[in-house]
Amino acid sequence: EKNIWYNKNYNLKLESRLTTPIKKSISNSSIIICVDLTSTVFLECISSNIPVFIFSSYNENYISEECLSDIRSLKETGIIQNNSYEFSQFINRHSENIDDWWNSKDVQFCVDNFRKKYCLNVKGPVFQLAKLLNQKLTDQII
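Residues numbered from 1 in each chain as written. Predicted model: local features only at pLDDT ≥ 70, side-chain atom pairs only at ≥ 80, totals over all residues. Heavy atoms only, no water.

Once that is clear, we can look at the nonpolar core. Counting residues in hydrophobic clusters, the biggest one holds 26 residues, and the most contacted among them are Phe42, Ile46, Val52, Leu74, Ile79, Trp101 and Trp102. Every element with two or more residues in this core is listed here: β1 (32-34), α3 (40-48), β2 (52-55), α4 (65-77), α5 (84-94), α6 (98-102) and α7 (105-118). Among the elements that line this core, the one with the most residues is α7, at 4 residues. (Core = buried A, V, L, I, M, F, W, Y, C linked by side-chain atoms within 4.5 Å. Buried < 20%, exposed > 50% of the residue type's maximum accessible area, 1.4 Å probe, protein only. Helix = DSSP H or I, 4+ residues; strand = E, 2+ residues; numbered from the N terminus.)

Pasting the structure below:
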């Protein structure tokens, strides 16, 4: 992927996860644009309530019926985009107030719904994992 961007002769600074942790990248960004519905970064942003977009064409035949209405809601609110012209217009309209758009009632309703269904938010995840592993170990000993 990097070669594709560099071959376009864009003056880009691409990050490496070896040197820049994902949380730092996300927290230093105004908006995040992902190119895949299954992006971990997308779920991380949704979990952290950070403005994020998916710019991708997708085939609804590959999405389960259970998830399809949620994906359509993300598209209706503008989070999922698949037309470069419309997306650029959208960004130009909201660039000065992206947080206002993101925090609007409709977008937050959609984000909250998606987060509850598809993102695992646990307080103290390491503690919870240790607790689960200790319980499994105790169950095996008994």
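What follows deals with the packing of aromatic side chains. Scanning all chains against the criterion turns up 8 aromatic pairs. With 5.3 Å between their ring centres and 10° between their planes, phenylalanine 53 and tryptophan 101 make a pair best called stacked. Here phenylalanine 53 is found in strand β2, whereas its partner tryptophan 101 is found in helix α6, with 48 residues between them in sequence. Of the two residues, phenylalanine 53 and tryptophan 101, both sit in the buried class. (Phe/Tyr/Trp six-rings, centres within 6.5 Å; stacked < 30°, edge-to-face > 60°.)

As a packed pair, α3 and α7 sit with axes 9 Å apart at the nearest point and diverge in direction by 115°. Taken as a pair, α3 and α7 cross one another with a handedness that is left-handed. Together, Phe42, Leu43, Ile46 and Ser47 of α3 and Val111, Phe114, Arg115 and Tyr118 of α7 make up the contact between the two elements. In the contact of α3 with α7, the residues fall into 6 nonpolar, 1 polar and 1 charged. (Axes fitted to C-alpha atoms, helices over the stretch in contact; angles between N-to-C directions. Left-handed = near helix turned anticlockwise from the far one by under 90°. Contact = heavy atoms within 4.5 Å. Nonpolar A, V, L, I, M, F, W, Y, C, P; charged D, E, K, R; others polar.)

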